[in-house]
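Observations on the three-dimensional arrangement
For reference, the chains in residue letters:
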Amino acid sequence: VSGPLTEPVEFAYGTLTGRFQFGVFALPPFAGTEMEGVLSWYPLRDKVFIFDSATSRLNVGDALPEKAANWPKFKLRTEARILGFEVAGDDSQRQCVYVDTGSEDGVALHPSLWKKWAETRTNQAATVSAFATPASGLLVKNELWAREISIGSLVLKDVPTREVDGKETWASMPDHAATLGLF
């Protein structure tokens, strides 16, 4: 982290506990008043996240719930400081899916994958989504609804899908296939 840091503080959220220093920076104007801060993926990389949509809560733990034992498993990208996992697939260069917990998107595909995917849906109704990134500012992109979309071995159903902007962090990652938001 470049820039000013807080004094070391005791921090606890679920099973994530420890003494940490946090970077201090001004939130961009598009963050509005709903964002209180940003927590890096790095100290959370070894934790289990349980998103409970019924209560709109996120729980952080150390153990996988029993009911998840038979779910598909993906190899975590441990060298990345961003939450990502590998998906097996046909495109040997585009085999990583990243998770952006600060995004309301569904799926944001790498431009080359978006082009292939969108070309097969020319008669499908589309809309546009507007969003902002620190690098690009305000952007407007076409968005299509995917009843089902396969990204390598990952299959998702009923998600909005758009193209990643070339200036977004993900676009510069050579193995990027897609980014998942919290939709």
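Going by the structure above, here's the rest.
All of the points below concern the structure found in this document. (Residues numbered from 1 in each chain as written. Predicted model: local features only at pLDDT ≥ 70, side-chain atom pairs only at ≥ 80, totals over all residues. Heavy atoms only, no water.)

**Some words on the sheet that holds strand 5 (residues 84-86)**
Let me state the cut-off plainly: Note on pairing: DSSP must find at least two bridges between two strands before they are called paired. In this description a helix means any DSSP run of H or I spanning at least four residues, a strand means any run of E spanning at least two, and both kinds are numbered starting from the N terminus. The angle between two axes is taken between their N-to-C directions and runs from 0 to 180 degrees, where each axis is a line fitted to C-alpha atoms and a helix contributes only its stretch in contact.
The seven strands lie next to each other as 5-6-11-7-10-9-8, forming an open sheet whose pairing is mixed. The open sheet has two edge strands, strand 5 and strand 8 (127-133), and neither has a second partner. The sheet shows a mean angle of 35° between the axes of neighbouring strands, direction not considered. Across eight bridges, the pairing between strand 9 (residues 137-151) and strand 10 (residues 154-163) is antiparallel.

**Some details on the side chain of E143**
Selection rule: Burial classes: relative accessible area under 20% of the type maximum marks a residue as buried, over 50% as exposed, and values in between as partly exposed (1.4 Å probe, protein chains only). Residues scored as positive are Lys and Arg, those scored as negative are Asp and Glu, and His as well as the terminal groups of each chain are ignored. By convention in these notes, a salt bridge is any Lys or Arg side-chain nitrogen within 4 Å of a carboxyl oxygen on Asp or Glu. Nitrogen and oxygen atoms within 3.5 Å of one another constitute a polar contact, given that in protein one can donate a hydrogen and the other can accept it, and given that sequence-neighbouring residues count only through two side-chain atoms. Note on contacts: a residue pair is in contact if any heavy atoms of the two residues lie within 4.5 Å.
Of note, E143 is situated in strand 9. Here E143 sits buried without a salt bridge, and the closest side chain of opposite charge, R162, lies 5.6 Å off (N-O distance). One polar contact links E143 to S129, side chain to side chain, over a distance of 3.4 Å. Discounting residues that sit within four places of it in the chain, E143 has contacts with A126, T127, V128, S129, P160, T161 and R162.

**A look at helix 1 (residues 111-119)**
Under the convention used in this document: Summarising the geometry, the arc corresponds to the directions from the helix axis toward the C-beta atoms.
Of the residues making up helix 1, those classed as buried are L113, W114, W117 and A118. Seen from one end, helix 1 has its buried residues packed into an arc of 120°, which puts them on one side. Counted as exposed and oriented over 90 degrees from the buried face of helix 1: K115, K116 and E119. In this structure, the buried side of helix 1 is in contact with strand 7 (107-109), strand 9, strand 10 and strand 11 (176-180).

**Re the pattern of salt bridges**
Taken as a whole and judged by the stated rule, the model has four salt bridges. Salt-bridge contacts for D105 lead to R162; the nearest nitrogen and oxygen are separated by 2.7 Å. Residue D105 is found in the loop between strand 6 (96-99) and strand 7, and its partner R162 is found in strand 10; the two are separated by 57 residues along the sequence. Across this residue pair, the class does not change: D105 and R162 are buried. The partner of E148 in a salt bridge is K157, with the nearest N and O atoms 3.8 Å apart. Take E148: its relative accessible area is 43%, and that puts it in the partly exposed class. Taking the relative accessible area as the measure of exposure, K157 reaches 56% and is therefore exposed.

**Observations concerning unusual backbone geometry**
What is expected of a backbone is that most residues other than glycine have negative phi and most peptide bonds are trans. Here the phi dihedral of D158 falls at roughly 55°; this positive angle occurs in a residue that is not glycine. Relative to the assigned elements, D158 resides in strand 10. Its relative accessible area of 44% is what places D158 among the partly exposed residues.

**Description of the packing of aromatic side chains**
Quick reminder of the rule: Classification of ring pairs uses Phe, Tyr and Trp, with its six-membered ring standing for Trp, and accepts pairs whose centres are within 6.5 Å; under 30 degrees between planes counts as stacked, over 60 as edge-to-face, and the remaining range as tilted.
Using the criterion set out here, one finds four aromatic pairs in the structure. With 5.8 Å between their ring centres and 40° between their planes, W114 and W117 make a pair best called tilted. A residue pair is termed a helical-turn pair when its members lie 3 or 4 positions apart in one helix, as W114 and W117 do in helix 1 at three residues. Taking the relative accessible area as the measure of exposure, W114 reaches 10% and is therefore buried. When the ring of W145 is compared with that of F183, the centres are 5.8 Å apart and the planes differ by 85°; the resulting orientation is edge-to-face. Placement of W145 in strand 9 and of F183 in the segment after strand 11 is noted, with a sequence separation of 38 residues between them.

**As for the nonpolar core**
The condition that has to hold: Only buried Ala, Val, Leu, Ile, Met, Phe, Trp, Tyr and Cys residues count toward a nonpolar core, and they belong to the same one when joined by side-chain atoms within 4.5 Å.
Ranked by size, the top nonpolar core spans 21 residues in total, and within it V107, L109, I149, I151 and L156 carry the most contacts. Once you skip the residues sitting within four places of it in the chain, L156 turns out to touch V107, R147, E148, I149, I151 and L180.

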